[in-house]
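The residues making up each chain are set out below.
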Amino acid sequence: MKKGQTLSGKIIRLDSKNRGIALSEAGYCAVKNALPGQEITFTVKKTRSKIPEGRLVSIDKKAPLEITSPCPHFGKCGGCLMQSFPYDEQLRIKENQLRHLLEIENFARIYPSPRQFGYRNKMEFSFGDEYKGGPLALGMHCRESFYDVVTVCECQIVDEDYQKILKFTHGYFKDKYSYYHRMNHVGYLRHLLIRKGTKTGEILIALVTSSQESHDLTPWKEGLLGIPLTGRVNGILHIINDSLADVIHADKIDILYGKDWFHEEILGLRFKITPFSFFQTNSLGAEVLYGIVREYVGAIKTLANKPVIYDLYCGTGTITQLLAPYAEKIIGVDIVAEAIAAANENASSNGLHNCKFIAGDVLKILDEIEEKPDFIVLDPPRDGLHPKAIQKILAYDVKYLIYISCKPLSLSRDLKEFYSAGYAVSRAAAVDLFPATGNVEVVCLLAK
């Protein structure tokens, strides 16, 4: 296979990076945005990597089970990968990915999301233009583009309230203010953040801008409050972000209306969630996931009666509080201070008095906690565990751990360290918290 060569092939599976693996007359090649069963034409871009990489030129024949996507933005928007497949087939593809990557004998199954559409409780939309010099867009980045943005007023993975808020905001700002250019870091409008409690219906809306311009946002706020929604607006915020990175960050937060938080309910517990708190983006799917976690913990008969549990990377303390009945004491650690503040408030309002929360980097906090754990729960960010944090976790020599991962590739890497230390996967399953996308959540019970 040579760089620049154009070939035809059939996609036989998705790899761990959600690239289609094309089988051609010249061998295998990884091609982004190609799906199992499709027959494609591609151009070879790289040949020196473990498997050659190619760029999709055309889809010459759809996969046998492929359907017309229910989303009019599919294909142009970079947010969803599998929306042109029936949901059962999406699950089958993801399960095959996991079995091929993780090679876990005790892998049970992939559990479906209770909702296939309108399942997300958080969206971060970007301001930009759909093409260079084009009109203002507000939505998701275009597929294969860091700069171009497509307006997604009919996005299918959120409910109608998100669509109405986005449509109004896009129309309001369309001809008014500049957007922030990611290359030269000049402009005003950056992001629109929307969070909504699936169970409570409470909505938090935040406009993220730079400080380079100053505008009266009262008319925008009043317009939002006039939109007929199924949910209820709990707060409207203006977040100032002058960070050069294309992420939502707060240098300053102004409350334009209401509060800077909202509530969500999971498995009978109530949680206060702030703009930057980590909380699973699929509330109903999270109930399935956390139900599995509780099942795994409850099945461990050899744990000390009412053990000390660590919940590392705890966010707003959802898992911490759901496992509190199993523990004498449970300690949650997270680097986001406002998430820890919310976690403390949540535990108090839920009547849980054996939870302790610590704000800080897990790598450092583990050196400071006096209580030693009998059991550890890990739910790290997408990039997985820091190698030094793994060594500190292994030093506790607990008999059981639970590892929850939203990026199976990171999980696969980290599991090797646990295997080397004498652990094995006792039970494992996946939950599809992200229908239509290439992402999935995995939970593993590790036993020494």
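Every value quoted in this text rests on a predicted model; they were computed, and no experiment measured them.

What counts and what doesn't
- Residues numbered from 1 in each chain as written.
- Predicted model: local features only at pLDDT ≥ 70, side-chain atom pairs only at ≥ 80, totals over all residues.
- Heavy atoms only, no water.
- Helix = DSSP H or I, 4+ residues; strand = E, 2+ residues; numbered from the N terminus.
- Rg over C-alpha atoms; globule rule 2.2 N^0.38 Å.
- Buried < 20%, exposed > 50% of the residue type's maximum accessible area, 1.4 Å probe, protein only.
- Contact = heavy atoms within 4.5 Å.
- Pairing = 2+ DSSP bridges.
- Axes fitted to C-alpha atoms, helices over the stretch in contact; angles between N-to-C directions.
- 1 Å grid on protein atoms, 1.4 Å probe; cavity = no way out; pocket = protein on both sides within 12 Å on 5 of 7 lines; lining within 4 Å.
- Points joined across faces, edges and corners; volume = space filled by probe spheres on them.
- Nonpolar A, V, L, I, M, F, W, Y, C, P; charged D, E, K, R; others polar.
- Core = buried A, V, L, I, M, F, W, Y, C linked by side-chain atoms within 4.5 Å.
- Phe/Tyr/Trp six-rings, centres within 6.5 Å; stacked < 30°, edge-to-face > 60°.

Draft legend 1. Seen up close, the overall build of the protein. Across its full length, the protein holds 9 helices and 22 strands. In summary, the protein has a C-alpha radius of gyration of 23 Å against a globular reference of 22 Å for 448 residues, a match within 12%. Projected onto its principal axes, the C-alpha positions of the protein cover 65 × 60 × 35 Å. The buried share among the 448 residues of the protein stands at 56%. A separation threshold of at least 6 residues defines the contact pool for the protein, and within that pool the share at least 24 residues apart is 63%.

Draft legend 2. Layout of the sheet that holds strand 19 (residues 375-378). Sheet architecture is open: 8 strands sit in the order 6-21-22-20-19-16-17-18, paired in mixed fashion. Either end of the sheet is taken by a strand with one partner, and the two such strands are strand 6 (107-111) and strand 18 (355-359). Neighbour-to-neighbour, the strand axes of this sheet turn through a mean angle of 15 degrees, independent of strand direction. For strand 16 (residues 308-312) and strand 17 (residues 329-334), the ladder comprises 5 bridges, and the chain directions are parallel. Bridge pairing links V308 to K329 in strand 17. Helix 9 (residues 408-420) rests against strand 19, strand 20 (400-405), strand 21 (424-431) and strand 22 (441-447) of the sheet, and its axis sits at about 160 degrees to strand 20.

Draft legend 3. How the structure looks around empty space enclosed by the protein. The full count for this structure, using the stated rule, is 1 cavity of 30 Å³ or more. Volume-wise, the largest cavity comes out at about 40 Å³. Of the residues that constitute the lining of the largest cavity, the class distribution is 5 nonpolar, 1 polar and 2 charged.

Draft legend 4. How the structure looks around the sheet that holds strand 12 (residues 232-240). Read across the sheet, 7 strands follow the order 9-8-7-10-11-12-13 without closing on themselves; strand pairing throughout is mixed. Among the strands making up the open sheet, the edge pair consists of strand 9 (149-151) and strand 13 (252-258). For this sheet, the mean inter-axis angle between neighbouring strands, taken without regard to orientation, is 35 degrees. Judged from the 4 bridges that link them, strand 7 (residues 122-129) and strand 8 (residues 136-141) form a sheet pairing that is antiparallel.

Draft legend 5. A look at the layout of surface pockets. Volume-wise, the second largest pocket comes out at about 840 Å³. Along the walls of the second largest pocket sit 31 residues, with D15, S16, K17, L101 and L409 positioned nearest its centre. If you tally residues by element for the lining of the second largest pocket, the top one is helix 9, at 7 residues. Along the lines of polarity and charge, the residues of the lining of the second largest pocket split into 12 nonpolar, 8 polar and 11 charged.

Draft legend 6. Quick peek at the pairing of strand 14 (residues 262-266). Summarising burial for strand 14: 4 of the 5 residues are buried, a large majority. Relative to strand 15 (residues 269-273), strand 14 runs antiparallel, the two being bridged by 5 bridges. Residue E264 lies in a different strand from strand 15, and its bridge partner there is F271. Linking strand 14 back to strand 15 in an antiparallel pair, the connection comprises 2 residues, with L267 at a positive phi of about 50 degrees.

Draft legend 7. Highlighting the nonpolar core. Judged by nonpolar contacts, the single largest core of 84 residues is most densely connected at F173, L189, W220, F375 and I402. At 7 residues, helix 4 (residues 283-298) tops the list of elements feeding residues into this core. Among all residues touching F173, those that are not within four sequence positions of it are F127, L136, L189, L207, L217 and W220. Judged by nonpolar contacts, the second largest core, of 40 residues, contains L91, L102, A389 and Y403.

Draft legend 8. Region of interest: the packing of aromatic side chains. Across all of its chains, the model carries 11 aromatic pairs by this definition. Taken together, a centroid distance of 6.1 Å and an interplanar angle of 45 degrees make the contact between F173 and W220 tilted. With a gap of 47 residues between them, F173 in helix 2 (residues 160-173) and W220 in helix 3 (residues 218-225) connect regions that are remote in the sequence. Side by side, F173 and W220 carry an identical accessibility label, which is buried. Ring plane angle 85 degrees and centroid distance 5.4 Å describe the contact between Y310 and Y396, whose orientation is recorded as edge-to-face.

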